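The lines below spell out each chain.
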Amino acid sequence: MKKRFLTTCLLALAVLSMSAQEKPKQWYDNIKFSGYGMLQYQGVDKEGAHTNSFNLRLARFILDGKIGDFDWRAQIQGTNAKGPAEPTVQLVDLYAEWRKFPEAKIRVGQFKRAFTFENPTHPITQGWRGYADVINRLSGFGDRAGEKSSGGRDIGVQLAGDILPNASGRKLLHYQVGVYNGEGVNRSDKNNQKDIIGGIWVMPIKGVRIGAFGWHGSHGDMVIAQDVDKATGAVKTTTGNVPLNRYCLSAEYDKDEYTFRTEYIHSQGWGTGVIGSNVINYALGDKADGWYVFGIVPLIKSKLHAKARYQTYRISKEWGSSVNQVECGLNYFFTKNLELHLEYSHVNDRNLAADKHNYNLIDAELDFRF
């Protein structure tokens with residue numbers, strides 16, 4: 001009996017000793033630091049405007065954390081691709097998301113707009129030298145509407161979720177809808193009218209998504225008219241709101257390192273055609289559209305991928321204003337966190353002089369994550 005009692009006491013002391021040595025969990029234990037960098041060389045043989053340069057395409061530093069049922073993220077971006085009056089370093093993401101129920105997650109702050117499949121794709125995972133032109137121009141990167149480059153982001157609140165599980169538990173339907181300022185990153189609303197953006201897609205087979213998106217909104221403080229007083233020569237400027245309506249149709253297959261995706265976007269609403277400008281250019285018309293289709297396939301699993309993409313963007317929704325590109329290339333994976341992307345693009349830009357429509361572009365990128 002004494003031996004059993006002694007053994008019990010020793011075990012209890014051991015457990016207490018181990019518990020005392022355990023470090024109490026601190027708030028910062030739920031924070032993860034990560035990031036990535038994208039180093040680029042690009043050459044273009046456009047007639048009269050030949051360029052070739054090494055570039056620091058992008059660097060991002062990310063903090064992710066968790067507080068109870070909430071996840072949060074803060075992401076800072078650095079780039080040498082300055083737009084008009086834009087800093088090279090800026091806050092791109094800052095949001096918290098309530099995730100208690102996967103069927104109804106609520107996100108508040110600054111984050112990606114709920115528009116298109118490609119917009120929220122990671123810049124490295126996306127696999128190309130950049131997002132398709134139609135994504136850049138019609139989903140808030142370097143937007144046709146004149147909004148400063150915002151990486152497809154805005155400030156607002158979003159409800160999203162996955163519903164309708166099948167027999168194996170895989171969800172068949174995703175929805176997302178958000179209300180945003182409509183002005184891009186780090187900017188308050190200029191007209192007190194919010195943009196409403198939503199999307200829905202079905203996932204009938206694992207790896208397949210078929211979806212549609214809609215966007216109804218406006219831009220405030222736009223210069224809609226400029227008149228010159230004949231007597232004084234003074235310029236009278238009239239500002240106001242410019243409506244914006246867009247939709248997107250999307251399809252994707254992404255499984256076992258095979259990725260195929262296509263999207264079509266249509267936009268209605270006057271624009272400036274110049275990033276960071278608020279002066280309407282009526283010569284561009286009030287409609288634009290574009291599409292892309294691409295495939296990325298493994299040649300050597302987890303090591304070497306081949307890729308091809310065709311894309312068209314029409315700034316005035318007519319062929320005379322189209323920019324068409326045929327692209328091909330290779331992606332080589334040194335490790336899962338270090339990649340080399342090589343790409344060739346033949347560009348047909350019908351906005352240039354008739355004898356200068358065509359030119360070539362080569363691009364090489366070394367991308368890493370940490």
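Nothing here was measured: the structure is a model prediction, and the numbers come from that model. (Residues numbered from 1 in each chain as written. Predicted model: local features only at pLDDT ≥ 70, side-chain atom pairs only at ≥ 80, totals over all residues. Heavy atoms only, no water.)

S.K.: Could you clarify how one ought to interpret the overall build of the protein in this entry?
M.R.: A count of helical and extended segments in the protein gives 2 helices and 16 strands. Going through the 370 residues of the protein one by one, you find that 43% of them count as buried. For the protein, the proportion of contacts with a sequence separation of at least 24, taken over those separated by at least 6, is 56%. Here the protein displays about 19300 Å² of accessible surface, and carbon together with sulfur accounts for 63% of that area. Taking the average location of the 46 positive side-chain charges in the protein and that of its 39 negative ones, the two points are 7 Å from each other. (Helix = DSSP H or I, 4+ residues; strand = E, 2+ residues; numbered from the N terminus. Buried < 20%, exposed > 50% of the residue type's maximum accessible area, 1.4 Å probe, protein only. Contact = heavy atoms within 4.5 Å. Areas by Shrake-Rupley, 256 points an atom, 1.4 Å probe, with all protein chains shown as cover. Lys, Arg positive; Asp, Glu negative; His and termini not counted. Charge placed at Lys NZ, Arg CZ, Asp CG, Glu CD.)

S.K.: I'm lost on empty space enclosed by the protein in this one. Help?
M.R.: A water-sized probe, rolled over the atoms, reveals where empty space remains. Taken as a whole, this structure holds 1 cavity of 30 Å³ or more when the rule is applied. Here the largest cavity defines a volume of roughly 30 Å³. In terms of lining residues, the largest cavity is bounded by Arg 144, Ala 145, Leu 244, Arg 246, Ser 267, Gly 269, Trp 270 and Gly 271. Per-class residue counts for the lining of the largest cavity are 3 nonpolar, 3 polar and 2 charged. (1 Å grid on protein atoms, 1.4 Å probe; cavity = no way out; pocket = protein on both sides within 12 Å on 5 of 7 lines; lining within 4 Å. Points joined across faces, edges and corners; volume = space filled by probe spheres on them. Nonpolar A, V, L, I, M, F, W, Y, C, P; charged D, E, K, R; others polar.)

S.K.: Sorry if this is basic, but what is going on with the nonpolar core here?
M.R.: Across soluble globular proteins, nonpolar side chains show a tendency to be buried alongside one another. Counting 28 residues, the largest nonpolar core has Phe 115, Val 134, Ile 135 and Ile 265 as the members making the most contacts within it. Among the secondary structure elements, those contributing two or more residues to this core are helix H2 (133-138), strand E8 (195-202), strand E9 (208-228), strand E10 (235-255) and strand E12 (287-300). Counting residues per element, this core draws most heavily on E12, at 4 residues. Setting aside its immediate chain neighbours within four residues, Ile 135 contacts Thr 116, Glu 118, Asn 119, Gly 140, Phe 141, Glu 263, Ile 265 and Tyr 292. (Core = buried A, V, L, I, M, F, W, Y, C linked by side-chain atoms within 4.5 Å.)

S.K.: So what exactly am I meant to see when it comes to a nonpolar patch on the surface here?
M.R.: A cluster of nonpolar side chains, Phe 33, Leu 39, Leu 56, Phe 61, Leu 63, Tyr 332, Phe 334, Leu 366, Phe 368 and Phe 370, forms an exposed patch at the surface whose accessible area comes to about 900 Å². Breaking the nonpolar patch down by element, the ones donating at least two residues are strand E1 (32-44), strand E2 (51-67), strand E14 (322-335) and strand E16 (358-369). Top element by residues in the nonpolar patch is E2. It accounts for 3 residues. A relative accessible area of 30% means that Phe 368 is categorised as partly exposed. (Patch = residues over 30% accessible without salt bridge, like charges linked within 9 Å, V, L, I, M, F, W, Y side chains within 5 Å. Salt bridge = Lys/Arg side-chain N within 4 Å of Asp/Glu carboxyl O.)

S.K.: Please explain the environment of Asn 358 as it appears in this structure.
M.R.: You can see Asn 358 is positioned in strand E16. The spacing of Asn 358 and Gln 325 is 33 residues in sequence and 9.7 Å in space, taken between C-alpha atoms. When near neighbours in sequence (up to four residues on either side) are disregarded, Asn 358 contacts His 346, Val 347 and Asn 348. Among the polar contacts listed, one links the side chain of Asn 358 to the side chain of Asn 348, at a separation of 2.9 Å. (Polar contact = N/O pair within 3.5 Å; in protein donor to acceptor, adjacent residues only side chain to side chain.)

S.K.: What should I look at first to understand unusual backbone geometry in this one?
M.R.: Glycine aside, negative phi is the norm for most residues, and most peptide bonds take the trans geometry. Even without glycine at this site, Leu 164 takes up a positive phi of about 60°. With respect to the element layout, Leu 164 can be found in strand E6 (residues 153-165). Within the chain, Asp 256 stands out as a residue other than glycine whose phi angle is a positive 55°. With respect to the helices and strands, Asp 256 occurs in the loop between E10 and strand E11 (258-268).

S.K.: How do you make sense of the layout of surface pockets when you look at a structure like this?
M.R.: The computed volume of the second largest pocket comes to approximately 860 Å³. The element contributing the most residues to the lining of the second largest pocket is E6, with 4 residues. When its residues are assigned to classes, the lining of the second largest pocket shows 12 nonpolar, 7 polar and 14 charged.

S.K.: Explanation requested: the environment of Arg 107 in the structure shown.
M.R.: Its place among the elements puts Arg 107 in strand E5 (residues 105-112). Since its relative accessible area comes to 18%, Arg 107 is described here as buried. Between the C-alpha atom of Arg 107 and that of Gly 156, which follows or precedes it by 49 residues, the distance is 8.3 Å. Apart from the residues lying within four places of it in its own chain, the contact partners of Arg 107 are Tyr 95, Ala 96, Glu 97, Gly 156, Val 157 and Gln 158. A distance of 3.1 Å separates polar atoms of two side chains, one belonging to Arg 107 and the other to Glu 97.

S.K.: How do you make sense of the packing of aromatic side chains when you look at a structure like this?
M.R.: Here the distance between the centres and the angle between the planes together describe a pair of aromatic rings. Across all of its chains, the model carries 19 aromatic pairs by this definition. Between Tyr 41 and Phe 54 the ring centres are 5.1 Å apart and the planes differ by 55°, which places this aromatic pair in the tilted class. With Tyr 41 in strand E1 and Phe 54 in strand E2, this pair connects stretches of sequence that are 13 residues apart. Ring geometry for Tyr 332 against Phe 334: centres 5.0 Å apart, planes inclined by 85°, an arrangement best described as edge-to-face. Residue Tyr 332 is classed as partly exposed on the basis of its relative accessible area of 31%. (Phe/Tyr/Trp six-rings, centres within 6.5 Å; stacked < 30°, edge-to-face > 60°.)

S.K.: Sorry, what's going on with the pairing of strand E7 (residues 171-180) here?
M.R.: Put simply, side chains in a regular strand alternate between the two faces of the sheet. Direction of pairing for E6 relative to E7: antiparallel, over a ladder of 9 bridges. Note that in E7 the partner of Ala 160 across the bridge is Gln 176. Linking two consecutive strands that pair antiparallel, namely E6 and E7, is a turn of 5 residues; a positive phi of about 95° is found at Gly 169 within it. Pairing of E7 with E8 involves 8 bridges; the strand directions are antiparallel. Within E8, the residue paired with Gln 176 across the bridge is Gly 199. (Pairing = 2+ DSSP bridges.)

S.K.: Help me understand the environment of Asp 227 in this model?
M.R.: Relative to the assigned elements, Asp 227 resides in strand E9. Separated by 90 residues in the primary sequence, Asp 227 and Lys 317 have C-alpha atoms spaced 28 Å apart. Discounting chain neighbours no more than four positions away, the residues touching Asp 227 are Ala 234, Val 235 and Lys 236.

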